[in-house]
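The primary structure of each chain is shown beneath.
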Amino acid sequence: MRAFEYASPTTKEQAVSLLGNSWDEAEVLAGGTDLLSLMKDGCVAPKRLVNIKEIRELRGISAGGGGLRIGALATIQELLDNRAVSRAYPAITQAAEGITSPQIRSLGTIGGELCQRPRCWYYRAGYGLLATDEQGEPLVPSGDNRYHAILGNAGPAYFVHASSLAPALIALGAKVRLFGPDGVREMWLDQFFTTPLTADDRETALKPNEIVTEIIVPTALGVKSATYEVRQREALDWPLATASVALSMSGDRVRVARIVMGHVAPRPWRAAEAEQVLAEKAVTEEVAQKAGELALNGANSLSRNGYKIQLARVAVKRAILMAARGGRG
Amino acid sequence: MAEYKWPEPEKRSLIGKRISRVDGPAKVSGKAKYTYDIKRPDMLYGKVLRSPHAHAKIVSIDTSAAEKMPGVKAVKVIQEPGTEIKWAGDEIVAVAAVDEPTAEDAIRAIKVTYEKLPHLVVEEDLSAAGDNAKPAAEQTAGEPEKAFGEAEVIVEGFYGLPVITHCCLESHGSISEWEGDQNLLVHISTQAVSNVANQIGRPLGIPAANVRVKQDHIGGGFGSKFQVDRWDVTAAQLSKMAGGKPVKIMLERDAELMVAGIRPSAYARVKVGAKRDGEIIAWQSESWNTGGSGGGGSPPLPYVFSVPNKHTQHTGIATNTGSARAWRAPNHPQGCLVTMSALEDTAARLEMDPLDFFLKNIELAGRFAEVYREEFAIAADLMEWKKNWHQRGAKTAGPVKRGLGLSLHTWGGGGHGSNCDVIIHPDGSVEVKMGTQDLGTGTRTAIMMVAAETFGLPLEAIKLMIGDNQFPTSGASGGSTTIGGVSASTRRGTLDALEQLFEKVAPSLNVQPADLEAVAGRIRVKSDPRRGLSWKEACMKIGGTAITTRGRNPGPGTLNSSGVGGVQMADVSVDVETGIVRVNKVVAVQDCGLIIDLKTAESQVYGALIMGVCYALYEERIMDARTGRMLNPNMEFYKLAGLGDIGELVVHMMTGKAYDERGVIGLGEPPVISPGAAISNAVANAVGVRVPSLPLTPDRVLAALQYPDREGGSSKNGGNDAGI
């Protein structure tokens, strides 16, 4: 880890003024569960760390008539402990349950969970975000890509987005609020995530001088939701594929479905075709199976990750069936 | 002269009981100091610059910028320009600095240029190994060709398991400091306290007698910490360059996984010939493996079962990766996985219960055939095998299929050379000193139990000192040799000391020394137990000079032997839609002769089963063919089981007269041999096809399920396509 300057502002205005116009100037420190390892591994080397943990207004989770507000500094454990969340938004709680490290749950924040960087082992070993060799040739397509993308993987990005919560939040129609020098920006969380085209890009719409302040999730009245995660170990382990499903119900029938897959693409991946097949139907094993197949229609395996297509199919099918049962497994 | 034997069962107060390890409270409270925890006054931190290339020649090294950095106290080039580097992670230059960040900055300031050379880092495909493949001698027994001709069933399969690392939770390393320029003090994480001085003294050019070695506790070795490593010598050299100040080099996690030891892989194409009634008559195998740039030995094939007609051929592949080191039962888990999988596939083809099939052929297991038979009966009860076993491929509804598998194994485990000093002080206090180490297995507890048993004292009456080379030498802890060695030397030393005590005490009781016994804190007359003295009173008869004896192994009397058998059964659930395997239960039935501490013996087996679940389902060193680097030198992708992944573990230790009579035998290796095979067999039983290679990850399980009838492959029952 290289030497850096450390700042600990107490307002978001101060925080933003301490950030830079390019990514190498400053990084935002919250839980630090990802940032510290990125710095130790030399993947990032910021000149300044801006600790935002002292900015009180970024904390807390509140549920009311208008929906749910999750402060960027709320921890994963706080999310898990929140009864209002688990009652109305089981997809979120189930996604958080997949993060099985007590240390990460206690320190890791929602804002950090959404902004964490890819776990691609080439990236983490110093080959850059797009994992290229000295000649600029990509290492992933011909390398060991067992954990890499099966969707949105035409390049130059082949990694999978590491967030476990994003698919659930997007399925539930969440928006994200950002704060920068020009004030507040709000956007659909779905649009927050981007696929980098260069090694200097990031995986979100966040600018170097902005911070995430909160997540807003609309009310879930009449919505059934669930997250299904395919993970090899019970112990802390990255998911191999996840699916979050939110079904707006009208009686027994699905009015509108939203299906978002995680760990399959460089960004959380919306399965529009699969969503449509559920519309106006009662959920059955067959319909869920069909949706799973449609969700992976555009999937393209690299040399050794074909199995993930099957895992994602199963995740979609099982998440739909869980959601229809009211979020139970 | 004392009679050197173990007390009769009815006379044992401690031996064979479940005694909690004496260092448990220190370990769970964090008070136990491991080498990693040692902080010496004015200590410097050493860091190592490692080769990023798997195969290269060093062209130039420029350390000038590092040398000028404030806080950097010493810079040492480990391998000079011109040297050929044979694996990524190999040590090039080391620095010592006042703190870790400064040392890391210095490492980054060193400029090394390399001439890259072609490398080979993967070996699963034998045909791609080219000149790196070196065939070993072929072996033939009986008449394999004729036997295959007479076989009524022939089953062919491909089986394998990848390189894994030792992944010690306490990484390798040491702290060295000089007293003057001829005396060295080394704190080191080692499996061989008594061997370090000689190993480190030689390259440093000082006599072994001038090296003091210490280690209180070790966080895992598994066979990878027998030898002083180059970085240990480097730490001592840096210390000397820095005026003798202590220099600490403990490996970072990535280096620990890249360079501090691997278990060789093993892959094999196997053909088994059998009669329809299940008699195994022929074996043929073509196997290969890698042990890094050096050799990796070869797996014993077929394992345990001496098939009368066999032909085996093995090829070693040199790869540009870190070197092999002994890994708990070297080459046995590999031989076991290949053999037991092939035999289970044969049983499945015959539609035989593998338990019946193994028992039918158990005479081929030789010396331990009867032990295995007895153990299988117990294991089958504990697993409810006959009730729960089904033909291959569970017919239950739903995606989760359950299956059972079994395996068996053997190991030597004879006691190593061991010496100890036993002192009985006139005030009644007792010391035992031995240059051994407690590898985490309960060695301390076992030594104290033996001494306390001999003297008829409680465990806490024994003051035991180990982990220091100023004590009498004792062997390295490896190969399951420690318990047999230290229990025997301690027993002999304490019996001799007790005999001397009896000589001092006998006149005051008006009996001969041989008429006395030490029981329950008293020295008393055997024929009239009311006559006697308390231990303390007895020791007052010693006079001014303490009794001192030297216990040795080997020595007179039969206190230990070697050779054990064990069997294991696994119960797994497999989600056939995701390929995820869960271990429900593993049963281990294990023989190890006379057991000193039943509790730590059971713990040893529990630990082995956990390690077995890890390598069966998760562990794998993943190398990148193009860059030559290890892709998972970390704890997130070098996967180990967590608590929720282990399942129920049931351990049954064989005890009783026939086992006691063989004396003490080691237990470290045997129970880790079978889990891979038993779990792989259980998965095959659950899903109906063999998943050829460990670890049994979702991709491998799904691949086996999706293409059960690949071209050239065999049917659902038994065997699999030898396709690579």
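Just so it is clear, the model here is predicted, and its values are computed rather than measured.

**Remarks on the overall build of chain A**
And then number 1: Broken down by element type, chain A carries 13 helices and 12 strands.
And then number 2: Relative to the compact-globule value of 20 Å for 329 residues, chain A shows a C-alpha radius of gyration of 19 Å, a close match.
And then number 3: Seen through its principal axes, chain A has C-alpha atoms that stretch 55 × 50 × 35 Å.
And then number 4: With 329 residues in all, chain A has 57% of them scored as buried.
And then number 5: A separation threshold of at least 6 residues defines the contact pool for chain A, and within that pool the share at least 24 residues apart is 64%.
And then number 6: When the accessible area of chain A is evaluated, it comes to approximately 13,000 Å², of which 49% is carbon and sulfur surface.
And then number 7: Separation between the mean location of the 38 positive side-chain charges and that of the 35 negative ones in chain A comes to 5 Å.

**Observations regarding the pairing of strand β25 (residues 528-534) of chain B**
All names here are of chain B.
And then number 1: As defined by bridge partners, strand β24 (residues 522-525) adjoins β25 across 4 bridges and the pair is classed as antiparallel. Within β25, the residue paired with Ile-523 across the bridge is Leu-533.
And then number 2: Hairpin remark: β24 followed by β25, antiparallel, with 2 residues in the connecting loop.

**With respect to the domain arrangement of chain A**
And then number 1: Taken domain by domain, chain A comprises domain 1 (5-54) and domain 2 (223-324).
And then number 2: In this structure, domain 1 of chain A and domain 2 of chain A have C-alpha centres spaced 35 Å apart.

**Side note on the sheet that holds strand β6 (residues 111-116) of chain B**
Each strand in a sheet pairs with its neighbour through backbone hydrogen bonds, running either in the same direction (parallel) or in the opposite one (antiparallel).
Residues and elements named next belong to chain B.
And then number 1: Spatially, β4-β2-β6 is the arrangement adopted by the 3 strands of the open sheet, whose pairing is antiparallel. Lying at the two open borders of the sheet, with one neighbouring strand each, are β4 (84-85) and β6.
And then number 2: Note that strand β2 (residues 56-62) and β6 share 6 bridges and pair antiparallel. In the strand pairing of β6, Ser-60 is matched with Thr-113.

**Quick look at the packing of helix α13 (residues 307-324) of chain A against helix α18 (residues 698-706) of chain B**
And then number 1: Put simply, α13 of chain A and α18 of chain B touch, their axes get as near as 9 Å, and they point 95° apart. As judged from the angle between their axes, α13 of chain A and α18 of chain B are roughly perpendicular. Here Tyr-307, Gln-310 and Leu-311 of chain A of α13 of chain A come into contact with α18 of chain B, specifically with Pro-698, Asp-699 and Leu-702 of chain B.
And then number 2: Class assignment for the residues of the contact of α13 of chain A with α18 of chain B results in 4 nonpolar, 1 polar and 1 charged.

**Focus: the nonpolar core**
All names here are of chain B.
And then number 1: Of all hydrophobic cores here, the largest spans 123 residues; its most connected members are Leu-408 and Met-569.
And then number 2: When residues of this core are assigned to their parent elements, the largest contribution, 11 residues, is made by helix α15 (residues 598-617).
And then number 3: A domain split of this core shows at least three residues from each of domain 2 (35-118 + 172-250) and domain 3 (330-412 + 562-706).

**Notes on the pairing of strand β11 (residues 173-179) of chain B**
Regular strands place their side chains on alternate faces of the sheet.
All names here are of chain B.
And then number 1: When you tally the buried positions in β11, you get 6 out of 7 residues, the bulk of the element.
And then number 2: Examined bridge by bridge, β11 and strand β14 (residues 247-250) share 4 bridges and lie antiparallel to one another. Paired with Ser-176 across the two strands is Val-247, which belongs to β14.
And then number 3: Linking β11 to strand β12 (residues 183-188), which pair antiparallel, is a turn of 3 residues; within it Gly-180 sits at a positive phi near 70°.

**Notes on the sheet that holds strand β19 (residues 400-411) of chain B**
Residues and elements named next belong to chain B.
And then number 1: Across the sheet, which stays open at both edges, the 4 strands sit in the order β19-β27-β28-β29 with mixed pairing between neighbours. Edge positions in the open sheet fall to β19 and β29 (648-653), since each of these has one partner strand only. Adjacent strand axes in the sheet meet at a mean angle of 15°, parallel and antiparallel pairs treated alike.
And then number 2: Relative to strand β28 (residues 580-590), strand β27 (residues 564-575) runs antiparallel, the two sharing 10 bridges. What sits directly across from Ala-570, in β28, is Val-586.
And then number 3: In the packing of α15 onto the sheet, the strands contacted are β27, β28 and β29, and the crossing angle to β29 comes to about 135°.

**Observations concerning the packing of aromatic side chains**
And then number 1: Under the criterion given, the structure shown has 13 aromatic pairs over all chains.
And then number 2: Seen from their ring centres, Phe-158 of chain B and Trp-288 of chain B are 6.2 Å apart, and the 25° between their planes marks the pair as stacked. With Phe-158 of chain B in strand β9 (residues 153-161) and Trp-288 of chain B in strand β17 (residues 280-289), the pair connects residues that are 130 residues apart, well separated along the chain.
And then number 3: Judged by its relative accessible area of 0%, Trp-288 of chain B falls in the buried class.
And then number 4: These aromatic residues form a ring-pair network of at least three members: Phe-305, Phe-357, Phe-358 and Phe-376 of chain B.
And then number 5: Stacked on the ring of Trp-188 of chain A, the Lys or Arg Lys-175 of chain A has its end atom at 4.6 Å from the ring centre.
And then number 6: A cation over a ring is seen here: Lys-271 of chain B above Phe-148 of chain B, with NZ or CZ 4.6 Å from the ring centre.

**A short note on empty space enclosed by the protein**
And then number 1: Under the counting rule described, the total for this entry stands at 7 cavities of 30 Å³ or more.
And then number 2: Approximately 180 Å³ is the volume found for the largest cavity.
And then number 3: Surrounding the largest cavity, 15 residues form its lining, Arg-119, Tyr-147, Val-160 and Trp-238 of chain A together with Phe-637 of chain B being those nearest its centre.
And then number 4: Class assignment for the residues of the lining of the largest cavity results in 10 nonpolar, 2 polar and 3 charged.

**What to know about the state of the cysteines**
And then number 1: What the rule picks out here adds up to 0 disulfides over all chains.
And then number 2: You can see Cys-120 of chain A has no disulfide; the closest cysteine sulfur is in Cys-43 of chain A, sitting 9.5 Å from it.
And then number 3: When its relative accessible area of 7% is taken as the criterion, Cys-120 of chain A is described as buried.
And then number 4: No disulfide involves Cys-336 of chain B; its nearest neighbouring cysteine sulfur is the one of Cys-614 of chain B, lying 17 Å away.

**A few points about the side chain of Asn-209 of chain A**
And then number 1: Positionally, Asn-209 of chain A belongs in the loop between α10 (189-192) and β8 (211-217).
And then number 2: Looking at Asn-209 of chain A, its side chain comes within polar contact range of the side chain of Asn-21 of chain A, at 3.4 Å.

**Concerning helix α5 (residues 196-204) of chain B**
All names here are of chain B.
And then number 1: Buried within α5 are the following residues: Val-196, Ala-197, Gln-199, Ile-200, Gly-201 and Leu-204.
And then number 2: Against the buried residues of α5 lie β11, β12, β13 (211-214) and α6 (230-241).
And then number 3: Just downstream of α5 lies Gly-205, where phi reads positive at about 75°.

**Points about the interface of chain B and chain A**
And then number 1: Each partner contributes residues to the interface: chain B has 34 residues there, and chain A has 32 residues.
And then number 2: For the pair chain B and chain A, the two sides together bury roughly 2,900 Å², of which 47% comes from carbon and sulfur.
And then number 3: Applying the counting rule to chain B against chain A returns 9 salt bridges.
And then number 4: Between Arg-318 of chain A and Glu-577 of chain B there is a salt bridge; the shortest N-O distance is 2.9 Å.
And then number 5: Taken together, the links from chain B to chain A amount to 19 residue pairs in polar contact (both at pLDDT 80 or more).
And then number 6: For the side of chain B that touches chain A, the secondary-structure elements that each account for two or more residues are α3 (100-109), β28 and α18 of chain B.
And then number 7: It is α18 of chain B that contributes the most residues to the side of chain B that touches chain A, 4 residues altogether.
And then number 8: Classifying every residue of the side of chain B that touches chain A gives 12 nonpolar, 6 polar and 16 charged.

About the thresholds
Residues numbered from 1 in each chain as written. Chains lettered and ligands numbered in written order. Predicted model: local features only at pLDDT ≥ 70, side-chain atom pairs only at ≥ 80, totals over all residues. Heavy atoms only, no water. Helix = DSSP H or I, 4+ residues; strand = E, 2+ residues; numbered from the N terminus. Rg over C-alpha atoms; globule rule 2.2 N^0.38 Å. Buried < 20%, exposed > 50% of the residue type's maximum accessible area, 1.4 Å probe, protein only. Contact = heavy atoms within 4.5 Å. Areas by Shrake-Rupley, 256 points an atom, 1.4 Å probe, with all protein chains shown as cover. Lys, Arg positive; Asp, Glu negative; His and termini not counted. Charge placed at Lys NZ, Arg CZ, Asp CG, Glu CD. Pairing = 2+ DSSP bridges. Domains from an automatic or database assignment. Axes fitted to C-alpha atoms, helices over the stretch in contact; angles between N-to-C directions. Parallel < 35°, antiparallel > 145°, perpendicular 65-115°, else oblique. Nonpolar A, V, L, I, M, F, W, Y, C, P; charged D, E, K, R; others polar. Core = buried A, V, L, I, M, F, W, Y, C linked by side-chain atoms within 4.5 Å. Phe/Tyr/Trp six-rings, centres within 6.5 Å; stacked < 30°, edge-to-face > 60°. Lys NZ or Arg CZ within 6 Å of the ring centre and 35° of its normal. 1 Å grid on protein atoms, 1.4 Å probe; cavity = no way out; pocket = protein on both sides within 12 Å on 5 of 7 lines; lining within 4 Å. Points joined across faces, edges and corners; volume = space filled by probe spheres on them. Disulfide = S-S within 2.5 Å. Polar contact = N/O pair within 3.5 Å; in protein donor to acceptor, adjacent residues only side chain to side chain. Buried area = accessible area lost by both parts, 1.4 Å probe. Salt bridge = Lys/Arg side-chain N within 4 Å of Asp/Glu carboxyl O.

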